[in-house]
Every structure is written in structure tokens, then in C-alpha cells.
Amino acid sequence: MKIKATAKGLELAYSTEYGGNEWVWEDLKKKGAVPITGVFYFEKADLLDPPTDTTDFGKYEYVFNFAEIDGTYMRIAGRKLGIDNDVFMPVGTKWERKLFAAYRNISIFGRLSELLETTDPIYVGGTHPSAIPIDVFKDLLKRFPSTGEITRYAGARVHTILAGYVDGLKDAQGRYETYLNKKMSGSKSAKIDLEFLKELEIEKYIIIRDHIKEALEKKTKLSEGEWQKMMISFLPLLFPKYIKVLENVTINDYYSDSTKKTSRYIDIALVDANGNIDVIEVKKPFDDKILQKSKYRGNSIPTSELSGSIMQAEKYLFHLSKWGVAGEKALTTEYSTHLPPGMKIRIANPKAIIIVGRDQISGAAMTDGHLLDFEVIKRQYANMMDIITYDDLLRRLDNTIVALGGATVITKPSP
């Protein structure tokens, strides 16, 4: 099979080394269309030089009209690739079968089209504003799998690589991981490919890191509630020990006013695999929210934002601990439908996580002195809470990716 550029567009030539090509013509006559290697689809009208009654099919080569020139692009009608989306690629592309077909005749654009919820054209390379960059597309071709789990894993790969460039992708990665979990749990003899799973872990953390990085750059106008809502989806992935995120948790306060019980509300609580409940405070990522600009006797001191967050978290932990067994029963009853069957919420020396601010003061990165003072502040509360800046969070993700064998480079450029 060969793809050749002409003055009008592209032609695709097909024949086999072993003869027996007549079936193609028979299908075109009877059905009006024919699939070629399971990737390309042509109609009778696409055939440029139809055979005659005297044609020797052992030597005959089918030549189909494959694409037409459209400005600086070649336009390939979606039907010729078995999809609903027309495909546009630059005129000067080096035309090879591997641009369209991967291992075992997997259709590259077929997989991409399955993940799209629109029939909009797909642009690869060139100057079109919605085009997938050519280097990203080449990376996609290299990373298509050549071993098991082809159908689902190919979809997950496409989603991971192109999520930043194509809108309307379905959650292929999530579907694949669900499938993998079911398969592994249903087969006692299933062989676990640890390298394969590690690669998935790397991609998971890359996706999270890039989303948070992009949000820090572009979504600073969100309210604190909107920011928390965005971050909630990442929390079980950022902190894998937790299996459930609970929002607007009501706890009882018997100490602020000794004459009555007062209700307090924790915005976000986390429950681990053993049912232990912890508290997390997610603040908006403003600059200058960690250390004050002015110093006290040469030392940097926490801002009111940080001090307030620490105090708020301390009070939540205090009231939770004092609530004790009665609180465990009340919370278990309240959230029974959100927890695995039989799980009970436990209040056992709860901890807090505070995610707040950036490593910046007055628009500049913290100095070594600032960082030392901030570390002293964090260690002061280390027995009861973990104080994390958003820059800390990105560094932790980077270190996790490197530890798993990934690269440190940000792989998803800002659109």
C-alpha cells in the first residue's frame, strides 16, 4: 500500500503480493464500498482506474482518490477513515501508512474519533488555531501500544496526550483503569505488568500536575468555594491514603459556649481506608499569604491568613477529638451511604492538611531565609498538621514523577 501526493491531492494505491485482488472489485460492485486493511474505506466512485473484463487481477493495482487540497492542507473525508470527522493535514506532510495505522491495524484517527463528542474536523499540524501540534501527534504515534489491552489502552493513551489540545474528550483513562481493575480482580492467574502500571501512575501524576499548574496561571479569579470545588477532584489522587472526600461536615462544639451546643462546619474532610477522619483546608493560591513582608527582630512571621488557617484547623481538630465516640457514631450515621458497607468513621488523633498560598513575597520568590523561617513554622505544627503551598504541591508531584521514572519537564504546554 502506498500514499502518493499529486497536483490535486492524495492517491492511495493498494495491491497484494500474492494476487487475489479481485475481492476488492467484487465488494465495490456489490456493496458499493470496501475496507482496506481495516483502516481505510473507499466507495466505487473513489476508484480512479476501474478494472475491465480483461483485467489481470494478479497484476492489477487499485488506485483510490484519498484526499483533496484545501488551502495549505490536504482534506481527507472522514468516511475514508471510517469516522465522522474530516481530517486536515499539511500539504507538505511525508505521507506514510503509519500516520493512519498503528500496530495490528489500529486506526489512529479511529481511536481519536471515538473519544470525541463532536464531528468537528481534526487538524494536525499547520497554522489552524485548533490544530494538534505536529510534534504532539508524532509523540502519539510513538506511544501507541504494541502489546495487550490494545483497544482500551490505545484510547487512554490518546486521551492523555491530546487532552490539552482537543476539547470534548471522554474519560478514556478512567474507563481503562476501571476495566483493568475488573480484569485483575476477576482473574486469579492474571499477570501484573508492573512497568505498565508504573507508566500509568506517571501519566496520572503528570495530568494532575499540569492541570494544577494551568489553574494557578489562569484561574486566579475563582472564588475560594469554586477553587475548592476544582481541587476536590484531585485530593484522593494527591493523597492516596484517603478514599473519600466529605464536604460541609457538621461537628459539635461544646466549649465555645458552655451553656449550649454549637454547630461548626468543616468545608472538607478526608476519610482513609481504615475510616479515620482528617481535616483539609484548601485556600486560594494568592501570593503574600505565607509570610509578612516586614520582619520581627530579623525573623519572618506568618501572615494573618496563614495564622488564621492554622487556628481554624486546630479548632476543628480540638472539637473532633472532644466529640469522641459520640462523634464517631454521629458521623458514621450521617455518611453511611457515602462509605463502603460496614465502614465506621473513627476519630483517632485526627490530623490536618492546609494548602495555602505561593512561595512568593511581593511578586518574587522567597529567599533562603524566608524558606528557612517558613520551615520552622511548619515544623512547629508538624505533629498535628501538614502546611503545603501550591509550589510545594507542584514540587512533590515533580519528585513523585521522577521517582517513578518519569521526566521533570512540564509535558502539557499552556494552550
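Conventions used here
- Residues numbered from 1 in each chain as written.
- Predicted model: local features only at pLDDT ≥ 70, side-chain atom pairs only at ≥ 80, totals over all residues.
- Heavy atoms only, no water.
- Helix = DSSP H or I, 4+ residues; strand = E, 2+ residues; numbered from the N terminus.
- Buried < 20%, exposed > 50% of the residue type's maximum accessible area, 1.4 Å probe, protein only.
- Contact = heavy atoms within 4.5 Å.
- Areas by Shrake-Rupley, 256 points an atom, 1.4 Å probe, with all protein chains shown as cover.
- Pairing = 2+ DSSP bridges.
- Axes fitted to C-alpha atoms, helices over the stretch in contact; angles between N-to-C directions.
- Core = buried A, V, L, I, M, F, W, Y, C linked by side-chain atoms within 4.5 Å.
- Phe/Tyr/Trp six-rings, centres within 6.5 Å; stacked < 30°, edge-to-face > 60°.

Colleague: Honestly, the overall build of the protein in this entry has me stumped. Any pointers?
Modeller: When its secondary structure is counted, the protein shows 11 helices and 19 strands. In the protein, which comprises 415 residues, the proportion classed as buried is 43%. Summarising the internal contacts of the protein: among those between residues at least 6 apart in sequence, 62% fall at separations of at least 24. With the model as given, the accessible surface of the protein reaches about 22100 Å², and the carbon-plus-sulfur share is 51%.

Colleague: Sorry, what's going on with the pairing of strand 16 (residues 352-355) here?
Modeller: Burial of strand 16 is two-sided: the residues Ala 352 and Ile 354 facing one way and the residues Ile 353 and Ile 355 facing the other way are all buried. Relative to strand 16, strand 13 (residues 277-282) is paired through 4 bridges, and the arrangement is parallel. Looking at the pairing, Ile 280 lines up with Ile 353 of strand 16. Here strand 16 runs beside strand 19 (residues 385-388); their pairing, made up of 4 bridges, is parallel. Counterpart to Ile 353 in the pairing with strand 19 is Asp 386.

Colleague: I would appreciate a short explanation of unusual backbone geometry in the present structure.
Modeller: Most peptide bonds are trans, and most residues other than glycine sit at a negative phi. The phi angle at Asn 248 is positive, at roughly 50 degrees, despite the residue not being glycine. By the secondary structure assignment, Asn 248 is in strand 11 (residues 242-253). Accessibility expressed as a relative area gives 54% for Asn 248, which makes it exposed. At Asn 349, a position not held by glycine, the phi torsion is positive, near 50 degrees. Take Asn 349: its relative accessible area is 57%, and that puts it in the exposed class.

Colleague: Teacher, can you tell me more about the environment of Gly 125 here?
Modeller: Tracing the backbone through its elements, the reader meets Gly 125 in the loop between strand 10 (122-123) and helix 3 (134-143). In the structure, Gly 125 is positioned 35 residues away from Pro 90 in sequence and 6.3 Å away in space, judged by C-alpha atoms. Filtering out sequence-adjacent residues up to four positions away, Gly 125 remains in contact with Tyr 73, Pro 90, Ala 131, Ile 132 and Ile 134.

Colleague: Explain the sheet that holds strand 1 (residues 2-5) to me, please; I cannot follow it from the model alone.
Modeller: The strands making up a sheet associate through backbone hydrogen bonding, with each pair oriented either parallel or antiparallel. The strand order across the open sheet formed by 6 strands is 1-2-5-6-7-10, and the pairing between neighbours is mixed. At either end of the open sheet lies a strand with only one pairing partner, and these are strand 1 and strand 10. By the bridge criterion, 3 bridges tie strand 5 (residues 62-70) to strand 6 (residues 73-76) in an arrangement that is antiparallel. Within the sheet, the bridge partner assigned to Glu 68 lies in strand 6 and is Arg 75. This element, helix 1 (residues 22-31), spans strand 2 (9-14) and strand 5 of the sheet and lies at about 65 degrees to strand 5.

Colleague: Explain the sheet that holds strand 12 (residues 262-272) to me, please; I cannot follow it from the model alone.
Modeller: Pairing in this open sheet of 5 strands is mixed, and the strands run 11-12-13-16-19 from one edge to the other. Edge strands, defined here as strands with exactly one partner in the open sheet, are strand 11 and strand 19. Strand-to-strand twist in this sheet, taken as the mean axis angle between neighbours without regard to direction, amounts to 30 degrees. Against the sheet, helix 7 (residues 224-232) contacts strand 11, strand 12 and strand 13, and its axis sits at roughly 130 degrees relative to strand 13. The strands touched by helix 11 (residues 390-403) within the sheet are strand 13, strand 16 and strand 19, with strand 19 carrying the most contacts at an inclination of about 95 degrees.

Colleague: Quick question: what am I supposed to make of the nonpolar core here?
Modeller: Most often, soluble globular proteins have nonpolar side chains that are buried together. Membership of the largest hydrophobic core comes to 41 residues, with the highest contact counts inside it found for Phe 66, Phe 100 and Phe 109. If we ignore the near neighbours within four places in the chain, the residues touching Phe 66 are Ile 3, Leu 10, Glu 11, Leu 12, Phe 40, Phe 42, Ile 76, Lys 80, Leu 81 and Phe 100.

Colleague: Any chance you could explain the pairing of strand 6 here in plain terms?
Modeller: The side chains of a regular strand alternate between the sheet's two faces. Linking strand 5 back to strand 6 in an antiparallel pair, the connection comprises 2 residues, with Gly 71 at a positive phi of about 65 degrees. The sheet contact formed by strand 6 and strand 7 (residues 87-90) spans 4 bridges and is antiparallel. Following the sheet pairing, Met 74 is matched in strand 7 by Met 89.

Colleague: What exactly am I supposed to notice about the packing of aromatic side chains here?
Modeller: How two aromatic rings sit relative to each other is given by the distance of their centres and the angle of their planes. Under the defined criterion, the tally for this structure stands at 15 aromatic pairs. Taking 5.4 Å as the distance between ring centres and 75 degrees as the angle between the ring planes, the aromatic pair formed by Phe 66 and Phe 100 counts as edge-to-face. One end of the pair, Phe 66, is in strand 5; the other, Phe 100, is in the loop between strand 7 and strand 8 (101-102), with 34 residues separating them in the sequence. You'll find Phe 66 and Phe 100 in the same group, each marked buried.

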